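The lines below spell out each chain.
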There are 2 protein chains.
Amino acid sequence: MRRFFNNPDTYVTDMLDGLVKAYPKALAFGDDPHAIVRADAPVEGKVALATGGGSGHLPVFLGYVGEGMLDGCAVGDVFNSPTAEQMLDVTRRIHGGKGVLYIYGNYGGDVMNFDMSTEMAEMEDIEVRTVIVADDVASAGPDEAERRRGVAGMVFAFKTAGAKAAAGASLDEVEEIAKRTLAGTRSMGVALSPCIIPSVGKPGFDLAEGEMEIGMGIHGEPGAKRETLQSADEVAERLATAVLDDLAPASGDRVAVMMNGLGATPPEDLFILYRKVHEIVEGRGLSVHKAYVGEYATSMEMAGASLTICRLDDELAGLLDAPARTPFFQEG
Amino acid sequence: MRRFFNNPDTYVTDMLDGLVKAYPKALAFGDDPHAIVRADAPVEGKVALATGGGSGHLPVFLGYVGEGMLDGCAVGDVFNSPTAEQMLDVTRRIHGGKGVLYIYGNYGGDVMNFDMSTEMAEMEDIEVRTVIVADDVASAGPDEAERRRGVAGMVFAFKTAGAKAAAGASLDEVEEIAKRTLAGTRSMGVALSPCIIPSVGKPGFDLAEGEMEIGMGIHGEPGAKRETLQSADEVAERLATAVLDDLAPASGDRVAVMMNGLGATPPEDLFILYRKVHEIVEGRGLSVHKAYVGEYATSMEMAGASLTICRLDDELAGLLDAPARTPFFQEG
């Protein structure tokens, strides 16, 4: 392994200890050492937003905890769901009296544990709503879109719903914004290498140099098929065509475009991919309101990239542009 | 190669085309397609700051072009100096009537070309000053510190000098801030893998899994020695001890600490390294004014990390905290 860690068993707790040491003014632990919240939580009178999921995807998930985005995050072990108790601890710590919205990716363990956390929170008279992210078009067809996995598209929902909550909206209104954002969000990825969970110590699958797997998930879930690596323009066209065909925006629509690196792919390569995506998006009569190029949702040291496109109306565009401050993401 | 590009010959121009397509409100080309400037350049009445160097290190160099930091950047091919003409083009485009400060890393080609550009600019009555970054303690001993290479420490000089210029300071004052920042800045890196220049197509050196090279440069320049990979805490201690022993801050000093990823190293691993660095820094009686954990200066898909520590006085701390907005870096 070409990686830095101490004991694999303390990988996540060491990481979180370093995180809170690095950003003590922004982030704090809950009662549970796997609960990360805004240092100023709870923000009284504001709808609180929480997420959660396995480690190994930074900045997803905890990187979006901060002003104008999320209030807290339950942090699981690498590629493993956090527990319902960890989610409940986050929920208690961030509740500011106006309810809590969960936004998280569509993975079995996360869904089960967030549902349990919801039941426990409601016994404590905390109103909880849930919006599940299922943006990965490679993971299921449009006729069973509710089975799709959640990937980088969640960042757009964190941003718009977070801005709506910061503006004083109700739980109903914040929930509606998250749903509206995700209804117009689609993603697809391509992997060029596997990655390694420290406690496992070897890759979960093989992917030879010169191969690519279009549609692979962020935990190495199988994609559409394995192929010979193509040029950046060809890869960009494959991703953009799949995402746009599924989203089916109308000519004249405004979109946000995220060209996301999965870990080991240099930013330079991402800009080469983005260049072609931008041409294709404009070629369909769409206008790019904002581009996001960099690492937003990763898979440890996996080489690869994903494309997310989010259709915007005036309100969503304004919410994307609203100020946000987290240690990993700033806007405005 | 596990990478995305088209023709290796157009790697940098494709990348820059994608960059300006992604951030059209922030960045623009100069007359030369290797010249990147603020979209609002020149800012009249402000000292202008320029940098330059080879591609392959994003966000270094062009990622720091923006409000509160740099005005322009000459972009070379991967790991190659830009030309004097490209630097001159940047210089002309950003000059706002109060002179231009060059801040760049200590590499032979860059020094030669920036010196030529300076001569040409002065023939056009543009006053130019130069501050060379030489922060890598592994590259030469303290008795010949002027021979050291420039690595991630340049980011601190971009930030403080950029903020000083944005506040309306003179060329003398901005130059002094850059020099004062760098006089208190030291770095050292460790590599766990090589990286690949697209036009070469294979690694420039071998580094086997399970090995590390402490002190390796960001182009693969040899380090102190090759060793068996140690635990994150041991690596952090090696880096922190070397940097702090050379910098020799006094107990009670405030510092900024940058734990920088070289490309393929996950942010999670960087926080594990940072955790130990933070303990060591505090153990020497220093206080961490601000931590920067992430990718600030990279070497394509190289696995590895570098540590930079910058000693601050009240003015430098204030300049670090001042607002900045670039597509890759935001503050305040």
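Think of each chain on its own: its residues are numbered from 1, step by step along the sequence as written. All chains are assigned letters beginning at A, and all ligands numbers beginning at 1, according to the order in which they are written. Under the rules for a predicted model, residues below a pLDDT of 70 receive no local features and side-chain atom pairs below 80 are neither given nor counted, while totals for whole chains, interfaces and linings still include all residues. Side-chain descriptors were evaluated using all non-hydrogen atoms of the structure, hydrogens and water having been removed beforehand.

Caption draft 1: Representation of the sheet that holds strand β9 (residues 225-228) of chain A in the model. All names here are of chain A. Strand pairing is assigned whenever DSSP detects at least two bridges linking the two strands. Numbering of helices and strands runs from the N terminus, with a helix taken as a DSSP run of H or I at least four residues long and a strand as a DSSP run of E at least two residues long. On the basis of which strands lie adjacent, the open sheet formed by six strands has the order β9-β8-β7-β12-β10-β11 and mixed pairing. In this open sheet, the two strands that pair with only one neighbour each are β9 and β11 (287-294). Taken pair by pair, the neighbouring strands of this sheet meet at an average axis angle of 20°, ignoring direction. Alignment of strand β7 (residues 185-191) against strand β12 (residues 304-312), held across seven bridges, turns out to be antiparallel. Each axis is a line fitted through C-alpha atoms, and for a helix only the stretch in contact is used; angles between axes span 0 to 180 degrees, taken between their N-to-C directions.

Caption draft 2: Layout of the domain arrangement of chain A. Residues and elements named next belong to chain A. Domains are outlined according to an automatic or database domain assignment. As assigned here, chain A comprises domain 1 (8-183) and domain 2 (185-320). Spacing between the C-alpha centres of domain 1 and domain 2 amounts to 22 Å. The partner domain 2 presents 36 residues to the 33 residues of domain 1 that form the contact. What counts as buried area is the accessible surface, traced by a 1.4 Å probe, that two parts surrender upon association, with contributions from both included. Both faces considered, domain 1 and domain 2 share a buried interface measuring about 3100 Å² in area, 64% of it formed by carbon and sulfur atoms. Here Glu315 and Arg180 are joined by a salt bridge, their closest N and O atoms 2.9 Å apart. Whenever two N or O atoms come within 3.5 Å, that pair is a polar contact, provided that in protein one can donate a hydrogen and the other can accept it, and provided that, for residues adjacent in sequence, both atoms are side-chain atoms. One can count 18 residue pairs in polar contact (both at pLDDT 80 or more) joining domain 1 with domain 2. The biggest single contributor to the side of domain 1 that touches domain 2 is helix α4 (residues 154-166), with six residues. Residue polarity follows a fixed list, in which Ala, Val, Leu, Ile, Met, Phe, Trp, Tyr, Cys and Pro are nonpolar, Asp, Glu, Lys and Arg are charged, and the others, Gly among them, are polar. Taken together, the residues that form the side of domain 1 that touches domain 2 break down as 20 nonpolar, six polar and seven charged. Whether two residues touch is decided by their heavy atoms; if any such pair falls within 4.5 Å, the residues are in contact. The term salt bridge refers to a side-chain nitrogen of Lys or Arg lying within 4 Å of a carboxyl oxygen of Asp or Glu.

Caption draft 3: Local environment of the sheet that holds strand β1 (residues 27-29) of chain A. Residues and elements named next belong to chain A. With mixed pairing, six strands are arranged side by side in an open sheet as β1-β2-β4-β3-β5-β6. With partners counted over all chains shown, the strands left at the sheet margins are β1 and β6 (128-133), one partner each. Recorded for the sheet is a direction-independent mean angle of 25° between the axes of neighbouring strands. Relative to strand β2 (residues 35-38), β1 runs antiparallel, the two being bridged by three bridges. Paired with Leu27 across the strands is Arg38, a residue of β2. Each of β3 (48-55), β5 (100-105) and β6 touches helix α5 (residues 171-183); the most contacted strand, β6, lies at about 5° to it.

Caption draft 4: Highlighting the packing of aromatic side chains. Centre distance within 6.5 Å is the pairing criterion for rings of Phe, Tyr and Trp, where only the six-membered ring of Trp is used; planes under 30 degrees apart are then read as stacked, over 60 as edge-to-face, and the remainder as tilted. Evaluation of the coordinates by the stated rule reveals 24 aromatic pairs over all chains. With 4.1 Å between their ring centres and 15° between their planes, Tyr104 of chain B and Phe114 of chain B make a pair best called stacked. Remark: Phe114 of chain B occurs in helix α3 (residues 108-123) and Tyr104 of chain B occurs in strand β5 (residues 100-105); sequence separation between them is 10 residues. As far as the burial class goes, Tyr104 of chain B and Phe114 of chain B line up, both buried. With a centroid separation of 6.0 Å and an interplanar angle of 80°, the aromatic rings of Tyr292 of chain B and Tyr296 of chain B are classed as edge-to-face. Type-normalised accessible area, obtained with a 1.4 Å probe on protein chains alone, sets the label of each residue: buried when under 20%, exposed when over 50%, and partly exposed for intermediate values. Of the residues examined, Tyr292 of chain B reaches a relative accessible area of 5% and is grouped as buried. A connected cluster of aromatic rings, assembled from ring pairs, spans Tyr64, Phe156, Phe158, Tyr292, Tyr296 and Phe329 of chain A.

Caption draft 5: Examining the interface of chain B and chain A more closely. Counting from both sides, the interface comprises 59 residues of chain B and, opposite them, 59 residues of chain A. Contact with chain A buries surface across chain B, with Arg2, Phe4 and Glu268 of chain B losing the most and accounting together for 19% of the total. Scanning the region where chain B abuts chain A turns up six salt bridges. Asp14 of chain B serves as the salt-bridge partner of Arg275 of chain A, at 3.8 Å between the closest nitrogen and oxygen. Counting across the chain B and chain A interface gives 29 residue pairs in polar contact (both at pLDDT 80 or more).

Caption draft 6: Up close: the relation of the copies chain B and chain A. Under the fitted operation, chain B is carried onto chain A by 0.0 Å of movement along the axis and a turn of 180°, and the coordinates agree to an RMSD of 0.0 Å. In symmetry terms, the pair is related by a two-fold rotation axis. No C-alpha of chain B lies nearer the rotation axis than that of Ala264 of chain B, which sits 2.0 Å from it. The residues that chain B uses at the interface reappear at the interface of chain A in 100% of cases, marking a shared surface. A residue counts toward the fit only if its pLDDT is at least 70 in both copies, and the copies are then superposed by least squares on the C-alpha atoms of those residues.

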